[in-house]
Amino acid sequence: MTTPTTTGGSAALSGQVLFYKNPQPLSAEDHGGLGVKQIPQPFGFLREAHAVPVTVTEFGVSAASYPIIFVGEERTPVAVMGVRQGENLYVDANGLVLEDHYIPAFVRRYPFVFATDEGSDRLLLCVDRSAPMVSNQPEVPFFQNGQPTQFTNDAIEFCKEFERQRRATVDFVKILRDMDLFEQKTVTFQPRDPQGNNTGPAQKVADYWAISEERLNALAPEKFLELRNNGALGACYAHLVSLLNWSKVVNRAVRAAPQPAEAVS
């Protein structure tokens, strides 16, 4: 895998990635005077993301803060940070993630991201030119004397590791699918009045995919050992434990809105 930092700006980018409005292949020619600066709301860009992708190696630490669910045809694992589209319940008014809650690597790599160079298998380091921390009056430059700075080289290494973990996550999901461990689930909440009485029917929060604990426990011994030996078993249990956080997310949403509720999954 090669990760050039100089492309001459000739590579075409396609597709959309959460957070990124104007990703451009990073090059000394096009971005020689740019870098990053401190901004008042460092995670303000996260405020409108109610779910963020996580890699399999993050399941354990993420499970302490958020439900981890699988979504879409690809069964992408995401950490749930809100119950309504465009509303993150874990970013405060100062644009900071609430204390003691894990920040996924998908978020921490911003404003950098890898993009595939069309026509080859290379990965190009890109930067979101519209990111609020990217500036032409930087405190930390991307380049010095036409060469990547230590900051940029560190960003490359971080994105390389993220890409490795992303691919490991794809492999993990494939194992789960091959063993038929996924089941569809629904989480709802019950609206209640201040006295705790039901005030209407239960309301759906989300439909999602999850690992079936019943199917996991029913695996043939050799399949169970396969999960354990390839390191996937711990992630399975972390995911199952993380689903206990649904009530925390729903109750946080209720406090931010108006009426008491109780999560039912």
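Below is a summary of the structure that appears in this document.

Calculation rules
- Residues numbered from 1 in each chain as written.
- Predicted model: local features only at pLDDT ≥ 70, side-chain atom pairs only at ≥ 80, totals over all residues.
- Heavy atoms only, no water.
- Helix = DSSP H or I, 4+ residues; strand = E, 2+ residues; numbered from the N terminus.
- Contact = heavy atoms within 4.5 Å.
- Pairing = 2+ DSSP bridges.
- Axes fitted to C-alpha atoms, helices over the stretch in contact; angles between N-to-C directions.
- Salt bridge = Lys/Arg side-chain N within 4 Å of Asp/Glu carboxyl O.
- Buried < 20%, exposed > 50% of the residue type's maximum accessible area, 1.4 Å probe, protein only.
- Polar contact = N/O pair within 3.5 Å; in protein donor to acceptor, adjacent residues only side chain to side chain.
- Phe/Tyr/Trp six-rings, centres within 6.5 Å; stacked < 30°, edge-to-face > 60°.
- Lys NZ or Arg CZ within 6 Å of the ring centre and 35° of its normal.

### Digging into the overall build of the chain
From N to C terminus, the chain includes eight helices and 14 strands. Sequence separation of at least 24 residues holds for 69% of the intrachain contacts in the chain that already meet a minimum separation of 6.

### Some details on the sheet that holds strand β6 (residues 112–116)
Taken together, three strands build an open sheet; the order of strands is β1-β7-β6 and the sheet is antiparallel. Lying at the two open borders of the sheet, with one neighbouring strand each, are β1 (23–25) and β6. Taking the axes of each pair of neighbouring strands and ignoring which way they run, one obtains an average angle of 45 degrees across the sheet. Note that β1 and strand β7 (residues 123–128) share three bridges and pair antiparallel. Each bridged residue has a counterpart across the sheet, and for Pro25 the counterpart in β7 is Cys126. The sheet strands contacting helix α4 (residues 150–178) are β6 and β7, and the helix crosses β6 at an angle near 60 degrees.

### Observations regarding the sheet that holds strand β9 (residues 140–141)
By definition, the strands of a sheet pair up through backbone hydrogen bonds, in either a parallel or an antiparallel sense. The strand order across the open sheet built from three strands is β8-β2-β9, with neighbouring strands paired in antiparallel fashion. Every interior strand has two partners, whereas the edge strands, β8 (134–135) and β9, have only one.

### Re the pattern of salt bridges
Considering all chains together, one arrives at eleven salt bridges under this definition. As a salt-bridge pair, Glu163 and Arg167 come within 2.9 Å of each other at their nearest N and O atoms. A residue pair is termed a helical-turn pair when its members lie 3 or 4 positions apart in one helix, as Glu163 and Arg167 do in helix α4 at four residues. Taking relative accessible area as the criterion, Glu163 reaches 9% and is therefore assigned buried. In this structure, Asp180 and Arg215 form a salt bridge, with 3.4 Å as the shortest nitrogen-oxygen distance. Residue Asp180 is found in the loop between α4 and β12 (182–191), and its partner Arg215 is found in helix α5 (residues 213–217); the two are separated by 35 residues along the sequence.

### Considerations on the side chain of Ser65
Relative to the assigned elements, Ser65 resides in the loop between α2 (59–62) and β4 (68–71). Polar side-chain contacts of Ser65 include one of 3.4 Å to the side chain of His101. Only 3.4 Å separates the side chain of Ser65 from the backbone nitrogen of Tyr102, close enough to count as a polar contact. Sequence-distant contacts of Ser65, that is, excluding residues within four places in its chain, are made with Tyr90, Asp100, His101, Tyr102 and Asn245.

### Examining unusual backbone geometry
Geometrically, the link from Tyr110 to Pro111 is a cis peptide bond, its omega value of 15 degrees lying close to zero. In this fold, Pro111 is placed in the loop between α3 (105–108) and β6. Despite not being glycine, Arg75 shows a phi value in the positive range, around 55 degrees. In this structure, Asn145 takes a positive phi of about 55 degrees despite not being glycine. Among the structural elements, Asn145 can be located in the loop between β10 (143–144) and β11 (147–148). The class of Asn145 is exposed, set by a relative accessible area of 82%.

### Description of the packing of aromatic side chains
In total, this model carries 15 aromatic pairs according to the counting rule given. Both rings, one in Phe19 and one in Tyr110, keep their centres 6.1 Å apart while their planes meet at 75 degrees; by these two values the pair is edge-to-face. Of this pair, Phe19 sits in the segment before β1 while Tyr110 sits in the loop between α3 and β6, and the two are 91 residues apart along the sequence. Residue Phe19 is classed as buried on the basis of its relative accessible area of 10%. Plain terms: the ring middles of Phe70 and Phe182 are 4.9 Å apart, the flat faces sit at 70 degrees to each other, and that makes the pair edge-to-face. Note that Phe70 is positioned in strand β4 and Phe182 in strand β12, a separation of 112 residues in sequence. For Phe182, a relative accessible area of 7% gives the class buried. Grouped by ring-pair contacts, the aromatic residues Phe19, Tyr20, Phe43, Phe45, Phe106, Tyr110 and Phe162 constitute a single cluster. For the cation-ring pair, Arg75 lies above Trp209, with the distance from its terminal atom to the ring centre recorded as 3.6 Å.

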